[in-house]
Structures are given as C-alpha cells and as structure tokens.
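Residue-level listing of the chains:
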Amino acid sequence: GEDVEQSLFLSVREGDSSVINCTYTDSSSTYLYWYKQEPGAGLQLLTYIFSNMDMKQDQRLTVLLNKKDKHLSLRIADTQTGDSAIYFCAEREAAGNKLTFGGGTRVLVKP
Amino acid sequence: GAVVSQHPSWVICKSGTSVKIECRSLDFQATTMFWYRQFPKQSLMLMATSNEGSKATYEQGVEKDKFLINHASLTLSTLTVTSAHPEDSSFYICSAPGTGIQPQHFGDGTRLSIL
C-alpha cells in the first residue's frame, strides 16, 4: 500500500537553510505536495511538483524530486521564525483528489 | 479563492455527549468531502469520504456507528461523534476536493476535547 515517510524533527537557526526530506512509495503519483501546518490550524498548501519534474523553485522554497529513489525534499532558504511549523509532504493518487500524508516534520527555528 | 469553513473550531464537552462538526464549502459546490483525524504530533489520517445524497465511504478501522457522517447538500457535510469519550479527543479536519493542481481545500480544523 501507500506509505509516505518523513523525519520527525528539525532544528535550525534563523537565517540558515532548512531541508526537509520525504520518501514515498506510489510511483504512479502525478503530483507531490508540501503543506505547512501552524499550531491549531488547518493545512496551508506551500508548493507542489509534478512527477515529471526534477526541481521547482518558488521564492525561498526549492523542491527536489528524485523519482527513481522516490525521494522528495523541501529546502527553505533564509529560514525565519515564522517558518516554525509542521511540514507535511503528500502524494496524490494517480486519478482523483485523494492524498496520502507523511508523518510530518516539526521545524523549530531558533533566533 | 475556494474556502472551506469548519465549525466549531474548538469544543469541550463531557463524556457521553454527542458532538457535531460542520464543514461548509463557500462559493463552490462539493459532491464529496473528506474527514481527517489528527492526534497530537501525528499525521492526518483519512477517516471517511462523505458523498452528497448517499452513504459515506469509511476507511478501514473507522467505526461507522461512532462517527456519523452526513452530506445532505452540495455545500455542507457534518461529522457527529456519538457518545464521545476521552479517547475521541483529537483534532478533526475536513476538506473538499479542489480543481487543477490543488487537490483539496482544507478547513481550519476542530479541536475536540472530551472530559
């Protein structure tokens, strides 16, 4: 079945870069996503990458996709205290809107 | 843009009470909606998919009689936690399918605390 895995925790100093990693298993996924969840809130879509892309950059965010290894990463440049949150990667089923989420990575940004 | 409104945002009630959570799609119609449960420091687990005008589709291991789902209109789905107990305390999130690259639009979640 589908399984998406992430490391649990990342601590980073303000101004440094953060890299969050994710592995997935469904090779038929068309899109892979990164969501941000702040305490007590719902999910905010940060960025996505289409399965035939290797990289996508959007301002401070860079997504890398290694389809062969089924590995996805999110790099946040110049990390700010407001970036402290839980980050979820998610794979989308090949046909439809269902998502399978990773366990989430809690990012703590220290001043 | 498309917005999903979830209500209430936080509810505290006594054990044995039934609690209803509403999920509304604003300015768009949704024939299906998704209900998730999130335990502290854990991921979102899909509980069920509600279907307008028909029965919900529950994921394996989710008690249908415990978590009643109704999707009576194209803009409203409800989740009722019946005879809630402390172990039902959790964060519940609903979503509606999106279009294009946006797979789902999420509500802000409901924190349920059962005493």
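To keep things clear, this report deals only with the structure shown in the data block. All residue numbers refer to positions counted from 1 along the written sequence of the respective chain. Following the order in which they are written, the chains are lettered starting with A and the ligands numbered starting with 1. The predicted nature of this model means local features are confined to residues of pLDDT at least 70 and side-chain atom pairs, given and counted, to a pLDDT of 80 or more, with totals for whole chains, interfaces and linings taken over all residues. Based on all heavy atoms of the structure, the side-chain values leave hydrogens and waters out of the count.

Below, the discussion takes up the state of the cysteines. Here, two cysteine sulfur atoms that lie within 2.5 Å of each other are counted as a disulfide. According to the stated counting rule, one finds two disulfides over all chains in the structure shown. Two residues, Cys22 of chain A and Cys89 of chain A, share a disulfide whose sulfurs are 2.0 Å apart. Disulfide Cys22 of chain A to Cys89 of chain A: torsion about the S-S bond roughly 70°, handedness right-handed. One end of the pair, Cys22 of chain A, is in strand E3 (residues 18-23); the other, Cys89 of chain A, is in strand E9 (residues 85-92), and 67 residues separate them in sequence. Looking at Cys13 of chain B, it has no disulfide partner, and the nearest cysteine sulfur is the one in Cys94 of chain B, 18 Å off. Judged by its relative accessible area of 12%, Cys13 of chain B is buried. Numbered from the N terminus, helices here are DSSP runs of H or I no shorter than four residues, and strands are runs of E no shorter than two. Accessible area is worked out with a 1.4 Å probe on protein chains only. A residue is then buried under 20% of its type maximum, exposed over 50%, and partly exposed in between.

All names here are of chain B. Whenever a carboxyl oxygen of Asp or Glu lies within 4 Å of a side-chain nitrogen of Lys or Arg, that contact is scored as a salt bridge. For the structure shown, the criterion picks out six salt bridges over all chains. The partner of Glu22 in a salt bridge is Arg24, and the shortest N-O contact between them spans 3.5 Å. Here Asp88 and Lys66 are joined by a salt bridge, their closest N and O atoms 2.8 Å apart. One end of the pair, Asp88, is in the loop between strand E8 (76-81) and strand E9 (90-97); the other, Lys66, is in the loop between strand E6 (54-58) and strand E7 (67-73), and 22 residues separate them in sequence.

Quick look at the environment of Leu43 of chain A now. Mapped onto the elements of the fold, Leu43 of chain A is located in strand E5 (residues 43-50). The class of Leu43 of chain A is buried, set by a relative accessible area of 10%. Sequence-wise, Leu43 of chain A and Tyr87 of chain A are 44 residues apart; in three dimensions their C-alpha atoms are separated by 9.1 Å. Throughout, a residue-residue contact means that at least one pair of heavy atoms, one from each residue, lies within 4.5 Å. Setting aside anything within four residues of it in sequence, one finds Leu43 of chain A in contact with Tyr35, Lys36, Gln37 and Phe101 of chain A together with Leu44, Ile93, Phe106 and Gly107 of chain B.

Quick look at the sheet that holds E7 of chain B now. Residues and elements named next belong to chain B. Taken in spatial order, the four strands line up as E1-E3-E8-E7 in an open sheet, and their pairing is antiparallel. Since the sheet does not close on itself, it has two edges, and those belong to strand E1 (3-7) and E7, each with one partner. In this sheet, adjacent strand axes meet at a mean angle of 15° when their direction is disregarded. Here strand E3 (residues 19-26) pairs with E8 via six bridges, running antiparallel. Paired with Cys23 across the two strands is Ser77, which belongs to E8. We call two strands paired when DSSP finds no fewer than two bridges between them. What counts as an axis is a line fitted to C-alpha atoms, over the stretch in contact for a helix, and the angles between N-to-C directions run from 0 to 180 degrees.

With 19 residues of chain A in contact, the opposing surface of chain B contributes 23 residues. It is Asn97, Lys98 and Phe101 of chain A that lose the most area in chain A upon contact with chain B, and together they represent 29% of the buried surface on that side. Inspection of the chain A/chain B interface yields one salt bridge. In this structure, the salt-bridge partner of Glu59 of chain B is Lys98 of chain A, at a minimum N-O distance of 3.3 Å. N or O atoms within 3.5 Å of each other form a polar contact, as long as, within protein, one can give a hydrogen and the other can take it, and as long as residues adjacent in sequence are counted only when both atoms are side-chain atoms. Applying the counting rule to chain A against chain B returns nine residue pairs in polar contact (both at pLDDT 80 or more). Secondary structure elements with two or more residues in the side of chain A that touches chain B: strand E4 (31-37), E5, E9 and strand E10 (99-101) of chain A. When residues are grouped by polarity, Ala, Val, Leu, Ile, Met, Phe, Trp, Tyr, Cys and Pro land in nonpolar, Asp, Glu, Lys and Arg in charged, and all others, Gly among them, in polar. Of the residues that constitute the side of chain A that touches chain B, the class distribution is 10 nonpolar, six polar and three charged. Values labelled buried area give the accessible surface lost by two parts on being combined, using a 1.4 Å probe and summing over both.

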